[in-house]
Amino acid sequence: MHESSSLTQSAAWRALASHRDEIASVSMRDLFAADPARFERFSASGAGLLLDYSKNRIDARTLALLIELARSRGVEPARGAMFSGQRINNTEGRAVLHIALRNRGGEPVEVDGRDVMPEVRDVLQRMGDFAERVRDGRWRGYTGELITDVVNIGIGGSDLGPAMACQALSARAHARLRLHFVSNIDGDHLAGVLEKVDPATTLFVVASKTFTTIETMTNATSARRWFLAGGAGEADVAKHFVAVSTNAERVARFGIDLANMFGFWDWVGGRYSMWSAVGLPVALQVGREAFGELLDGAHAMDRHFVEAPLEENLPVILALLGVWYRGFFGATSLSIAPYAQALARLPAYLQQLEMESTGKSVTCDGRPVETPTCPVIWGEPGTNGQHAFFQLLHQGTDLVPVDFIASLTTSHGLAGHHRLLLANCIAQSKALMVGKTAEEVRAELASAGFSGEALEAAIPHRVFPGNRPSNTLLLPDLSPRSLGALVALYEHKVFVQSVIWGVNAFDQWGVELGKQIASRIDAELAGGTAGEHDGSTRGLIAAVRAAANAQERG
Ligand code: F6P
């Protein structure tokens, strides 16, 4: 299990705390001016990705102290424990082996002495076969027509990963297949998709690790009803509904033929599952081979995480910088700024990955954590964010570190766009770092013809404090391979942070209470006996019931 000794009393943490006082007044402008090799010193590559982390409030000593923190908190043995199938998810008694799903090297991966790779390869083979049959038209709907639409019904980890990846790889989409993702229990979501598709040519992928999630089961039941109402019979369901789950019993009970179920295992966490059968929509969209390339990219990052020295290890560096700002600069959030429209869903994906993993207040052994843990993760694609919330990033009162993510190349072929996109990406990280001093503003205004009181009054509004940190991640392209490496990078970053903070990155007890209360309130909204509630909950339930009654009356 992870390190259980005190984090804040450790020599490494204490050294960082006093170093923080030294570096607090140092500006990155000065650090760059003093060190022409700062970019070379504070950038690293792995699995084809380049990470520039030179625009951070660090110097060589900061990095050395942070690496020492990682070492003293046992990141290396913890990494070994994960990769060797130990049950590091202690509150659920499970191993954590998403790395086995993209183990392309042929080595065994064992849980309790049993190699899981034969099963992994078997499901991957079945997924690939199925995807290719749908794509090339051998798999058809009940009327014999080709499948034109695939609707993935799932939520959280059974939605965000494949939805994000399908959008990211849309440049390689199959010409006939349209992919849709329905997650919300709000009927508008499913209804909005159903009105666009034809039951005879639609394939539903019901994805749920547990096959008990209320949103997914409700949407899947409604989709099945809609399908049957379109004229198909019960026997036709098998051609139009497949399941992705770890729960064969529930899948069968729902009425999906187990021959059409793609399994995975309890050692795959929901938010770490896009490499498993949960990635079926991705395989349908881009094909078996490209799905394999996605796994290859993730595997390359796994190897980098295991083999690169901590000082050059991308996930370790990203994790440590996050711990630095969260623990010593009071940063409460991290903004993810993909300069790629194709990565529009990446911030939402990372929200679940990071916040469900390390949004914890107790350590693995149940003690209160000693420092803040996961920051709020949020973001939007650049350049849109620049015209919305970047004002706050530049001149707001909070320090918000930013991860800029861009692809060096593009496939759209529209002249000029990509160069401008990248110019903006680089410009934003530079502007955050250098800022603009009052003297610079004064000189600028003077040369624009301002003078006297008007000039002085204008200055404070135009000053940028600068010294605001960011990382820039450059991908060679938006290929499946690069995407796989990028996602695996963040997975391992989260793991490293969990080890340092001492929390379990693989459970999510915090989602349970709301689910329990919702099922009681649903029973009351349906007319059941009113439970004991606070005044607010009572008032809201009464308002909903009154509206439902009024709607019923006409
Ligand atoms: O409620 C949270 C959660 O359990 C996530 O961890 C998970 O990804 C999501 O719900 C969906 O769960 P399932 O795949 O079992 O439907």
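Residues numbered from 1 in each chain as written. Predicted model: local features only at pLDDT ≥ 70, side-chain atom pairs only at ≥ 80, totals over all residues. Heavy atoms only, no water.

**Q** What exactly am I supposed to notice about the pairing of strand E8 (residues 241-245) here?
**A** Two faces belong to every sheet, and in a regular strand the side chains alternate between them. When you tally the buried positions in E8, you get five out of five residues, the bulk of the element. With burial as the criterion, each face of E8 is covered, one bearing Phe 241, Ala 243 and Ser 245 and the other bearing Val 242 and Val 244. Strand direction decides the pairing type here: strand E7 (residues 202-207) and E8, joined by four bridges, are parallel. Each residue of the ladder has a partner; that of Ala 207, found in E8, is Val 244. Judged from the three bridges that link them, E8 and strand E9 (residues 261-263) form a sheet pairing that is parallel. When the sheet's bridge partners are listed, Ala 243 is paired in E9 with Met 261. Running through helix H12 (residues 248-254), the crossover from E8 to the neighbouring parallel element E9 is right-handed. (Buried < 20%, exposed > 50% of the residue type's maximum accessible area, 1.4 Å probe, protein only. Helix = DSSP H or I, 4+ residues; strand = E, 2+ residues; numbered from the N terminus. Pairing = 2+ DSSP bridges. Right-handed = clockwise from strand over helix to strand, strands pointing away.)

**Q** Help me understand the sheet that holds E9, please; the structure alone is not making it clear to me.
**A** The strands making up a sheet associate through backbone hydrogen bonding, with each pair oriented either parallel or antiparallel. Reading across from one edge, E6-E5-E7-E8-E9 is the order of the five strands in this open sheet, with parallel pairing throughout. Two strands lie at the open edges of the sheet, namely strand E6 (178-182) and E9, each paired on one side alone. Each strand of the sheet is rotated relative to its neighbour by a mean of 20°, with strand direction disregarded. Set on the sheet, helix H10 (residues 214-229) makes contact with strand E5 (149-153), E6, E7 and E8; between it and E7 the angle comes to about 160°. (Axes fitted to C-alpha atoms, helices over the stretch in contact; angles between N-to-C directions. Contact = heavy atoms within 4.5 Å.)

**Q** Just to check I follow, could you spell out the packing of helix H18 (residues 438-447) against helix H19 (residues 452-462) for this structure?
**A** The relative placement of two packed helices is expressed as an angle between their axes plus a distance between the axes. Relative to each other, H18 and H19 sit at 130°, their axes nearing to 9 Å. In terms of orientation, H18 and H19 fall into the oblique class. Remark: the crossing between H18 and H19 carries right-handed chirality. Contacts from Ala 438, Val 441, Arg 442, Leu 445 and Ala 446 of H18 reach H19 at Leu 455, Glu 456, Ala 458, Ile 459 and Arg 462. A per-class count over the contact of H18 with H19 returns seven nonpolar, no polar and three charged. (Parallel < 35°, antiparallel > 145°, perpendicular 65-115°, else oblique. Left-handed = near helix turned anticlockwise from the far one by under 90°. Nonpolar A, V, L, I, M, F, W, Y, C, P; charged D, E, K, R; others polar.)

**Q** Can you help me understand the packing of aromatic side chains in this one?
**A** A full pass over the atoms with the stated rule returns 21 aromatic pairs. Aromatic pair Phe 130 and Phe 262: ring centres 5.3 Å apart, planes at 50°, arrangement tilted. Of the two residues, Phe 130 sits in helix H7 (residues 117-136) while Phe 262 sits in strand E9, which places them 132 residues apart along the sequence. Cluster of aromatic residues (ring-pair linked, three or more members): Trp 13, Trp 324, Tyr 325, Phe 328 and Phe 329. Positioned over the ring face of Phe 305 is Arg 79, at 5.6 Å from the centre of the ring. (Phe/Tyr/Trp six-rings, centres within 6.5 Å; stacked < 30°, edge-to-face > 60°. Lys NZ or Arg CZ within 6 Å of the ring centre and 35° of its normal.)

**Q** Is there a simple way to think about the site of the ligand in this case?
**A** In the region of the ligand, 13 residues are neighbours, and Ser 158, Ser 208, Lys 209, Thr 210 and Thr 213 sit closest. In the environment of the ligand, an oxygen atom lies 2.6 Å from a nitrogen or oxygen atom belonging to the side chain of Thr 210. In the environment of the ligand, an oxygen atom lies 2.5 Å from a nitrogen or oxygen atom belonging to the side chain of Thr 213. In terms of residue class, the shell around the ligand is made up of two nonpolar, eight polar and three charged. (Near = heavy atom within 4 Å. Polar contact = N/O pair within 3.5 Å; in protein donor to acceptor, adjacent residues only side chain to side chain.)

**Q** Help me understand helix H20 (residues 480-501), please; the structure alone is not making it clear to me.
**A** Quick reminder: α-helices carry 3.6 residues per turn. Residues three or four places apart thus point the same way. Between the first and last C-alpha of H20 there are 32 Å, a value that for 22 residues agrees with the 32 Å anticipated at 1.5 Å per step. Burial analysis of H20 places 21 of its 22 residues in the buried class, which makes it a mostly covered element. Taken from the residues just after H20, Gly 502 is the one with a positive phi, measuring 80°. (Expected span 1.5 Å × (residues − 1).)

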